[in-house]
Amino acid sequence: MTVSIDPVLDRRFPAFVDIERAAMRRMPKFVRDYIACGMGRGGGVAHNRSALDAVKLVPRYLVDADCVDTSCKLLGQSFAAPFGIAPVGLGGTAWAKATETLAAAARDENIPFGAATFALASLEKLRVMAGSCGWFQLYRPNQAAIEEDILRRAETAGYSTLIVTVDVPAPMRRDHDIRNGFSLPLQFNARTAWQIAQCPAWAWAMLRAGSPTFETLMPYVPSGHTRDQALRFMTDLTANHVTPAMLEDLRKRWNGNLIVKGILDIEDAKRCRDTGADGLILSNHGGRQMEAAPSAIDVLPDIRAALGKDFPLIADGGVRTGTDVCRMIAKGANFVLLGRPFYYAVAAMGAPGATHAVRVLKAELQCAMGQLGCRTVEALPDRLG
Ligand SMILES: Cc1cc2nc3c(=O)[nH]c(=O)nc-3n(C[C@H](O)[C@H](O)[C@H](O)COP(=O)(O)O)c2cc1C
């Protein structure tokens, strides 16, 4: 079925490159840097792109594949397409209410939405907005009572899938954020004020939405903490090594689907499977953790071979087009996530950007599958060049 796309938006934003360009103009520099930059000199971000570009897919035309079907099943749930919205902490700085807007669009378009621990909306609110498409992403707290409470809240809110992210074993040092003095609540100095003044639409939207905060974690911050102490508390609480024993323990206490995110190593992957994880997200966190890390697409074939053809593998990092979705799946993924592009879409267009971005990607995917002569998503691995 042809994807219905708003023609006015389509002329201005036919692809993610257009969306990203507009978003960059509309967000203040310190927000732009926070979202776009990678670790160190940005080698991880660049590599995510070049590794995808290197994957060739062979078109096949003499087939009967007029009716392309992008739908797919993951962990027992049917989705309209094999892609979803990755968890992005502080994603709501891209544009006021970007997180809530994307959660609602994911529900309407029937694709998964990752609600981050560090989202600027509570896990409860995001579950309501995303409906059954919501997945909750957890950074494991190092205080048992807090962890227990968050798990209980996630269960009560109705999440059936928990993503536990393991690639933040210690607080991160991101030089661009240090340089920019980026933190929440926003610190106003002459430089940030000047950057904000250059983006009046962003500033106005933020002002109207009210001061954002980490709604999921704020209830645990001891009373009387200053802003800096609260931030330090939340960072120290959540940046820890997740040991195999902790994962086992979590598996016992979480009855829903458990997905481990941030895996790039075969031994880690096997350990997660043996511990009872229902799936993995192969990811280098969008190049934001370890600059020298490989891309998910580099490790996909070996991890697929090690875990067998049926184990659910999700992959992300640098995906920007429908063809990229095909590349990831051809290399062994069942499903693909995108982080930055969806948040850029809301920054570029406001609320309508969320739906537009999903539909553009879906239309591109249909087009690419048609070129590859693949009627279904499952047929994509055959087209690897
Ligand atoms: C600004 C930003 C914040 C992120 N925050 C989180 C987070 O809180 N939890 C998490 O598991 N991953 C987080 N990620 C990683 C994304 O979930 C995802 O792995 C990554 O964005 C994929 O790469 P892409 O942006 O190139 O699509 C973040 C990524 C970005 C860009």
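Structure's up top.
Basis of the calculations
Residues numbered from 1 in each chain as written. Predicted model: local features only at pLDDT ≥ 70, side-chain atom pairs only at ≥ 80, totals over all residues. Helix = DSSP H or I, 4+ residues; strand = E, 2+ residues; numbered from the N terminus. Rg over C-alpha atoms; globule rule 2.2 N^0.38 Å. Buried ≥ 20, exposed ≤ 12 C-beta atoms within 10 Å, placed from the backbone. Contact = placed C-beta atoms within 7 Å. Near = placed C-beta within 6 Å. Nonpolar A, V, L, I, M, F, W, Y, C, P; charged D, E, K, R; others polar. Core = buried A, V, L, I, M, F, W, Y, C linked by C-beta atoms within 7 Å. Axes fitted to C-alpha atoms, helices over the stretch in contact; angles between N-to-C directions. Left-handed = near helix turned anticlockwise from the far one by under 90°. Parallel < 35°, antiparallel > 145°, perpendicular 65-115°, else oblique. Arc of directions from axis to C-beta. Pairing = 2+ DSSP bridges. Right-handed = clockwise from strand over helix to strand, strands pointing away.

Q: Please clarify how the overall build of the protein chain should be interpreted in this entry.
A: Broken down by element type, the protein chain carries 17 helices and 10 strands. Radius of gyration (C-alpha) of the protein chain: 20 Å, near the 21 Å computed for a compact globule of 385 residues. Overall, the protein chain is about 70 × 50 × 40 Å in size when its C-alpha atoms are taken along their principal axes. With 385 residues in all, the protein chain has 47% of them scored as buried. Across the protein chain, contacts joining residues at least 24 apart in sequence account for 71% of those joining residues at least 6 apart.

Q: Would you take a moment to explain the environment of V336 for this structure?
A: By secondary structure assignment, the location of V336 is in strand β10 (residues 335-338). With 25 C-beta atoms packed within 10 Å, V336 lands in the buried category. When near neighbours in sequence (up to four residues on either side) are disregarded, V336 contacts P82, F83, I314, A315, D316, V319, V325, M328 and I329.

Q: So what exactly am I meant to see when it comes to the site of the ligand here?
A: Taken together, 23 residues lie near the ligand, and A86, G89, T165, G286 and G339 sit nearest. Grouping the constituent residues of the shell around the ligand by class yields nine nonpolar, 10 polar and four charged.

Q: What exactly am I supposed to notice about the nonpolar core here?
A: Within soluble globular proteins, side chains that are nonpolar generally end up buried alongside one another. Within the largest apolar cluster, 116 residues are counted, with the highest numbers of intra-cluster contacts made by L280, L282 and V336. Residues within four places of L280 in sequence aside, it is in contact with I259, V260, I263, A269, C272, L313 and I314.

Q: What is the right way to read the environment of G38 from this model?
A: Mapped onto the secondary structure, G38 falls in the loop between α3 (29-36) and α4 (43-53). Overall, the presence of 22 C-beta atoms within 10 Å leaves G38 in the buried class. Remark: the alpha-carbon pair of G38 and G92, spanning 54 residues in sequence, is separated by 18 Å. In contact with G38, other than residues within four places in its own chain, are G44, V45, G286, G287, R288 and E291.

Q: Any chance you could explain the packing of helix α13 (residues 266-275) against helix α14 (residues 296-307) here in plain terms?
A: When two helices pack together, their arrangement is captured by the angle between the axes and the distance separating the axes. One can describe the packing of α13 onto α14 by two numbers: an axis separation of 10 Å at closest approach and a directional angle of 40°. Between α13 and α14 lies a crossing whose hand is right-handed. Along its contact with α13, which presents I266, A269, K270 and R273, the element α14 presents D302, I303, A306 and L307. Of the residues belonging to the contact of α13 with α14, the class tally is five nonpolar, no polar and three charged.

Q: Sorry, what's going on with the packing of helix α5 (residues 98-109) against helix α16 (residues 340-349) here?
A: One can describe the packing of α5 onto α16 by two numbers: an axis separation of 10 Å at closest approach and a directional angle of 110°. Here α5 is positioned roughly perpendicular relative to α16, judged by the angle of their axes. Relative to α16, α5 is oriented so that their crossing is right-handed. Across the interface between the two elements, A98, T101 and L102 of α5 pack against F342, Y343, V346 and A347 of α16. Here the contact of α5 with α16 is built from residues that sort into six nonpolar, one polar and no charged.

Q: When you look at α4 in this model, what are you seeing that I'm missing?
A: Side chains that are three or four residues apart share a direction in an α-helix, a result of its 3.6 residues per turn. Three or more residues of α4 are buried, namely G44, V45, H47, N48 and L52. One face of α4 carries all of its buried residues, which in axial projection span an arc of 165°. Opposite its buried face, α4 presents the exposed residues S50 and D53, each directed more than 90 degrees away. Contacts from the buried residues of α4 go to α14 and α15 (322-330).

Q: Looking at this structure, I do not really get unusual backbone geometry. What am I missing?
A: The general pattern is negative phi for most residues beyond glycine and trans for most peptide bonds. In this structure, L90 is a non-glycine residue whose phi angle is positive, near 60°. Summarising the element assignment, L90 is placed in the loop between β3 (83-85) and α5. The backbone phi angle of K97 is positive, close to 60°, even though this residue is not glycine.

Q: Is there a simple way to think about α16 in this case?
A: Counting buried residues along α16, 10 of its 10 residues qualify, which places the element largely inside the surrounding structure. Looking only at α16, the buried set comprises R340, P341, F342, Y343, Y344, A345, V346, A347, A348 and M349. Trailing α16 by a residue or two, G350 shows a phi angle of about 75°, which is positive.

Q: Just to check I follow, could you spell out the pairing of β10 for this structure?
A: One face of the sheet, then the other: side chains in a regular strand alternate in exactly this way. On β10, burial covers both faces: F335 and L337 on one face and V336 and L338 on the other are all buried. The sheet contact formed by β3 and β10 spans three bridges and is parallel. Counted as the bridge partner of I85 is L338 from β10. Pairing geometry for strand β9 (residues 313-316) and β10, over three bridges, is parallel.

Q: When you look at the pairing of strand β7 (residues 257-263) in this model, what are you seeing that I'm missing?
A: Burial analysis of β7 places six of its seven residues in the buried class, the great majority of the element. By the bridge criterion, five bridges tie strand β6 (residues 161-165) to β7 in an arrangement that is parallel. From the neighbouring strand, L162 faces β7, where its bridge partner is L258. Note: β7 against strand β8 (residues 279-282), four bridges, orientation parallel. Residue K261 lies in a different strand from β8, and its bridge partner there is I281. With α13 bridging β7 and its parallel neighbour β8, the resulting β-α-β unit is right-handed.

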